[in-house]
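Structural description and commentary
Single-letter residue listing:
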Amino acid sequence: MTATVSTTDTTLNASRASRPGIARKAKAYLALTKPRVIELLLVSTLPTMIYAERGFPSIGLILATLVGGAFAAGSAGAFNCYIDRDIDKLMHRTENRPLVTGEVTPREALIFSWLLGAAAIAILWFGANPLSAWLGLGAIFFYVVIYTIILKRRTAQNIVWGGAAGCFPVLIAWAAVTNSVEWPAVILFMVIFLWTPPHYWPLSMRYGEDYRNAKVPMLGAIAGAKVVSVQVVLYAWAMVACSLLMVPAGGAGWVYTVTAVLAGAWFLYESHALYNRAQREDISDKRAMKVFHGSISYLTLLFIALAVDPFIGPAVMAG
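All values reported here derive from a predicted model rather than from experimental measurement.

Basis of the calculations
- Residues numbered from 1 in each chain as written.
- Predicted model: local features only at pLDDT ≥ 70, side-chain atom pairs only at ≥ 80, totals over all residues.
- Heavy atoms only, no water.
- Phe/Tyr/Trp six-rings, centres within 6.5 Å; stacked < 30°, edge-to-face > 60°.
- Lys NZ or Arg CZ within 6 Å of the ring centre and 35° of its normal.
- Helix = DSSP H or I, 4+ residues; strand = E, 2+ residues; numbered from the N terminus.
- Contact = heavy atoms within 4.5 Å.
- UniProt positions renumbered as here; feature names shortened; annotations may be inferred.
- Disulfide = S-S within 2.5 Å.
- Axes fitted to C-alpha atoms, helices over the stretch in contact; angles between N-to-C directions.
- Parallel < 35°, antiparallel > 145°, perpendicular 65-115°, else oblique.
- Left-handed = near helix turned anticlockwise from the far one by under 90°.
- Nonpolar A, V, L, I, M, F, W, Y, C, P; charged D, E, K, R; others polar.
- 1 Å grid on protein atoms, 1.4 Å probe; cavity = no way out; pocket = protein on both sides within 12 Å on 5 of 7 lines; lining within 4 Å.
- Points joined across faces, edges and corners; volume = space filled by probe spheres on them.
- Patch = residues over 30% accessible without salt bridge, like charges linked within 9 Å, V, L, I, M, F, W, Y side chains within 5 Å.
- Areas by Shrake-Rupley, 256 points an atom, 1.4 Å probe, with all protein chains shown as cover.
- Salt bridge = Lys/Arg side-chain N within 4 Å of Asp/Glu carboxyl O.
- Expected span 1.5 Å × (residues − 1).
- Buried < 20%, exposed > 50% of the residue type's maximum accessible area, 1.4 Å probe, protein only.

This structure, assessed with the given rule, holds 11 aromatic pairs. Through successive ring pairs, a cluster of aromatic residues spans F142, F168 and F189. We note R54 situated over the ring of Y51; from NZ or CZ to the ring centre the distance is 4.5 Å. Geometry around Y82 places R85 over its ring, the cationic atom sitting 4.4 Å from the centre.

Here it is as structure tokens:
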């Protein structure tokens with residue numbers, strides 16, 4: 001008996017076999033962009049656009065700003081993965097990144113980073129305006145060069161100054177709507193700037209061993225919990241105070257003001273709880289991560305309030 005193999009069946013089977021490979025490759029490229037970081041950055045973008053417009057901007061402008069901003073953040077994240085591939089393999093938190101597992105080659109990652117960055121600038125330039133595109137380029141440069149290349153492996157203040165890259169989305173959003181950068185945008189920039197250390201340092205406490213193995217001097221990894229908790233409290237107070245500047249200088253209404261006060265008080269409570277436990281040497285990873293997760297909730301609530309604020313009542317300090 002002679003077995004007959006259909007050419008059509010062979011082609012179909014080969015096509016089916018290639019699909020998982022394509023899907024896996026696409027997933028690996030997506031992982032390079034650090035999508036969870038992008039989500040957090042976009043939380044601040046749309047509310048800032050709504051607040052700057054005092055209403056809803058056009059759908060086209062919203063899409064261009066969100067997509068361009070996401071591509072810029074993704075490009076910066078991919079460059080970061082490319083540059084840090086040597087230390088990512090030493091850390092449990094990053095050992096499954098695509099460049100460590102080999103799902104993406106360094107050359108592929110580098111090309112992808114450049115293409116994504118170029119697309120981001122083009123989308124912002126033509127979909128919004130040149131100012132937002134320049135700010136997008138500045139965000140990429142700050143994260144890749146200032147943070148990843150210069151600061152990250154050299155100083156415990158890396159996340160303080162390098163974290164400024166994560167503040168650019170509010171500037172990009174404001175510029176996309178107004179073609180300018182005004183005081184409310186600067187205040188929101190500073191809120192996120194001051195928010196970054198108390199957000200990230202508890203995480204670096206949780207993964208301190210990872211950072212020490214990779215010789216990355218994150219404050220949470222090289223300083224004791226007592227020192228870190230003091231810094232978390234100080235930055236938390238500065239952040240909440242800065243958020244309230246939106247009332248006299250940013251035209252904020254009651255929705256934003258009340259949320260900033262209540263959410264700020266809650267985050268300060270959690271920060272002081274971390275400090276008190278650290279002073280008693282009763283700190284745990286769970287308590288540190290509670291502040292980390294709480295910081296995300298705080299920022300989300302603040303920017304939701306910022307988006308709702310223009311639709312409900314006048315400014316608290318209307319002139």
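So much for the structure itself; the text now carries on.
Here C81 shows up in helix α3 (residues 59–83). When the C-alpha positions of C81 and S295 are compared, they lie 24 Å apart, and in sequence the two are 214 residues distant. Leaving out residues up to four positions away in the same chain, C81 has contacts with L32, K34, D88, R97 and L99.

The positions UniProt marks with the feature "transmembrane region" (unreviewed entry) are residues 59–83, 109–127, 133–151, 158–177, 183–201, 222–247, 253–275 and 296–317. Regarding residues 158–177, the helix share stands at 75% and the strand share at 0%, and the terminal C-alpha atoms are separated by 31 Å. With 100% helix and 0% strand, residues 183–201 has its two end C-alpha atoms placed 28 Å apart.

For the coordinates displayed, the defined rule picks out zero disulfides. The thiol of C167 is not disulfide-bonded; the next cysteine sulfur, from C242, is found 10 Å away.

Close contact between helix α6 (residues 106–127) and helix α7 (residues 130–151) brings their axes to 7 Å; oriented N to C, the two are set at 155°. With respect to their mutual orientation, α6 and α7 come out roughly antiparallel. α7 is crossed by α6, and the crossing has right-handed handedness. Residues G117, I121, L124 and W125 of α6 form the contact with α7, whose own contacting residues are P130, S132, A133, W134, G136, L137 and I140. Split into classes, the residues belonging to the contact of α6 with α7 amount to eight nonpolar, three polar and no charged.

This next bit is on the layout of surface pockets. One number sums up the size of the second largest pocket: a volume of about 230 Å³. Listing elements by their share of the lining of the second largest pocket, those giving two or more residues are α3, α6 and α7. Each residue belonging to the lining of the second largest pocket can be placed in one class, and the counts come to nine nonpolar, three polar and no charged.

Before going further, it helps to spend a moment on a nonpolar patch on the surface. A cluster of nonpolar side chains, F56, I304, V308, F311 and I312, forms an exposed patch at the surface whose accessible area comes to about 490 Å². By the element assignment, I312 lies in the segment after α16 (285–308).

Moving on, we get to helix α15 (residues 254–279). For α15, spanning 26 residues, the distance from its first C-alpha to its last is 37 Å, which sits close to the expected 38 Å at 1.5 Å a residue. Burial in α15 covers these residues: Y256, T257, A260, A263, G264, F267, L268, E270, S271, A273, L274 and A278. Phi turns positive, to about 55°, at E281, one or two residues after α15.

So, about the side chain of N80. Turning to its location among the elements, N80 is positioned in helix α3. On the basis of relative accessible area, N80 is assigned to the buried category, the value being 1%. Residues in contact with N80, not counting those within four places in the same chain, are K34, R97, Y143, Y147, T148 and K152.

This part covers the environment of Y82. With respect to the secondary-structure elements, Y82 resides in helix α3. With 58 residues separating them along the chain, Y82 and R24 place their C-alpha atoms 19 Å apart.

Of note, F71 is situated in helix α3. F71 gets classed as partly exposed once you look at its relative accessible area, which sits at 30%. In sequence terms F71 and G224 are 153 residues apart; their C-alpha atoms lie 37 Å from each other. Not counting the four nearest positions on each side in its chain, F71 is found in contact with L116, A119, A120 and I123.

Now for unusual backbone geometry. The backbone of R54 shows a phi angle near 55°, a positive value even though the residue is not glycine. Note on placement: R54 falls in the loop between α2 (35–53) and α3. Given a relative accessible area of 40%, R54 falls into the partly exposed group. Phi is positive for N179, close to 60°, though the residue is something other than glycine. Mapped onto the fold, N179 is located in the loop between α9 (168–178) and α10 (183–206). Among the residues examined, N179 registers a relative accessible area of 48% and is labelled partly exposed.

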